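Spelled out, the chains give:
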Amino acid sequence: MKMNNHDIIKDLIPGYLDNVISTSSRKLIETHLQSCPSCQKYLQAMKAELTTPAQLNLKQINPLKKIKQRTHHKVILGILITIVIMVAGYFGLALYAHSFPAASQQITQSVQKNGQTVTLTFQSDQATAKKLNLMALDQGDNNDEDGFQPVIDVRFSRPLPWNRNKNQQAQVSFNFLSPYQIRGNNGQPYPLEENDIVTINYKNKRQRIRLIDLYQSAETN
Ligand SMILES: [Zn+2]
C-alpha cells in the first residue's frame, strides 16, 4: 500500500509538534501545509489534542477551588451551629436554674433546737426529691421599725441533667440568745416581741409563726 504525501506529512506532524524531527523534514511539512488545507486541519486537530491535557488540568483545579469554597461554607456553618448550641444551652440552663415555689404537701417541715440555735428544716417527699432541688431562701429582714420579720421562700429548682444529687433538704437557722432574744442579721442582739413573726411562703399557702413560739416548739437535738 502506497502512502501518499498527505499520509507521510500526517505521520510526521506529531514529531513536528514535539520538535523532534530534522530541519529538512520540518521544511517539507511547512511547505506542504501552505498548500494543503487537509493537513492544516490535521495539524490544528493535533495541536488541540495536545492542549487538551492542559485544559483538563484547569478543570481539575476548579474542583479544588470548589472544595475550598465548601470548606469556607463549612466553617461558617460550624460557627452558626456553635452559636445556636450556645444560645440553646444558655436558655436550657436558665430553664433548669429557674426556680418555682414548692407546694406545702410536697414538704415535711420540722423545727430543731441545737443549743440556742433553732433550725427550720424542709424535706421534700421521695417522689419530688428524685426530680427537684429544694431550696429555702431566707429573705431575712431585720428592720427596726417592723421588728424581726424573716421571710422564707420554699422553692424547687430543676437540677442540671448531669447533677445526680438533688437537695432534698433545706434549712434556715436562727441564732437565739434566749427564748426572747435573737441575734439579728447585723450580729446585734434583738429583743423578740409578740409580733415578731417568721413567714414561710409555699405555692399554696403562707405560714406565719411567731418566733417566740418557734423557739418553744423546737425539739431539742
Ligand atoms: Zn496534505
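Quick caveat, the model's predicted, so the values are computed rather than measured.

**Re the overall build of the chain**
So, step 1. Tallying secondary structure elements over the chain gives five helices and 13 strands in all.
So, step 2. Classification of the 221 residues of the chain by burial places 14% in the buried group.
So, step 3. Summarising the internal contacts of the chain: among those between residues at least 6 apart in sequence, 61% fall at separations of at least 24.

**Some thoughts on the UniProt feature "domain: Putative zinc-finger" (unreviewed entry) in the chain**
So, step 1. Residues given the UniProt feature "domain: Putative zinc-finger" (unreviewed entry) here are residues 9-40.
So, step 2. Between the C-alpha atoms that bound residues 9-40 there is a distance of 10 Å. The span itself is 81% helix and 0% strand.

**Section: the sheet that holds strand E9 (residues 181-183)**
So, step 1. Within the open sheet, the six strands sit side by side as E10-E9-E8-E3-E2-E13. Their pairing is mixed. In this open sheet, the two strands that pair with only one neighbour each are strand E10 (189-191) and strand E13 (219-220).
So, step 2. Taken together, the eight bridges between strand E2 (residues 107-114) and strand E3 (residues 117-124) define a ladder with antiparallel strand orientation. Considered in E3, the bridge of Gln-112 is made with Thr-119.

**Some points on helix H2 (residues 23-35)**
So, step 1. If you check H2, its first and last C-alpha atoms are 19 Å apart, about what 13 residues at 1.5 Å a residue would give, namely 18 Å.
So, step 2. With one of 13 residues buried, H2 lies mostly on the surface of the structure.

**Focus on the confidence of the model for the chain**
Detailed reading of the predicted coordinates is not advisable wherever pLDDT falls low.
So, step 1. Here the chain averages 85 in pLDDT, and 88% of its residues register 70 or above.
So, step 2. The secondary structure element of the chain with the lowest average pLDDT is strand E5 (residues 142-143), at 56, and the one with the highest is E3, at 96.

**Thoughts on the environment of Lys-203**
So, step 1. Within the secondary structure, Lys-203 is located in the loop between strand E11 (197-201) and strand E12 (206-210).
So, step 2. In sequence terms Lys-203 and Gln-105 are 98 residues apart; their C-alpha atoms lie 9.9 Å from each other.
So, step 3. Every residue in contact with Lys-203, bar those within four places of it in the chain, is listed here: Pro-101, Ala-102 and Ala-103.

**Quick notes on the pairing of E12**
So, step 1. Relative to E12, E11 runs antiparallel, the two sharing five bridges. Following the sheet pairing, Ile-197 is matched in E12 by Arg-210.
So, step 2. Between E11 and E12, which pair antiparallel one after the other, the connecting turn spans four residues.

**Structural notes on the packing of helix H1 (residues 5-17) against H2**
When two helices pack together, their arrangement is captured by the angle between the axes and the distance separating the axes.
So, step 1. As a packed pair, H1 and H2 sit with axes 10 Å apart at the nearest point and diverge in direction by 120°. By the angle between their directions, the pair H1 and H2 is classed as oblique. Considering the relative orientation of H1 and H2, their crossing is left-handed. Contacts from Asn-5, Ile-9, Leu-12, Ile-13 and Tyr-16 of H1 reach H2 at Ser-25, Arg-26, Ile-29 and His-32.
So, step 2. Grouping the amino acids of the contact of H1 with H2 by side-chain chemistry returns five nonpolar, three polar and one charged.

Criteria and cut-off values
Residues numbered from 1 in each chain as written. Predicted model: local features only at pLDDT ≥ 70, side-chain atom pairs only at ≥ 80, totals over all residues. Helix = DSSP H or I, 4+ residues; strand = E, 2+ residues; numbered from the N terminus. Buried ≥ 20, exposed ≤ 12 C-beta atoms within 10 Å, placed from the backbone. Contact = placed C-beta atoms within 7 Å. UniProt positions renumbered as here; feature names shortened; annotations may be inferred. Pairing = 2+ DSSP bridges. Expected span 1.5 Å × (residues − 1). pLDDT = per-residue confidence, 0-100. Axes fitted to C-alpha atoms, helices over the stretch in contact; angles between N-to-C directions. Parallel < 35°, antiparallel > 145°, perpendicular 65-115°, else oblique. Left-handed = near helix turned anticlockwise from the far one by under 90°. Nonpolar A, V, L, I, M, F, W, Y, C, P; charged D, E, K, R; others polar.

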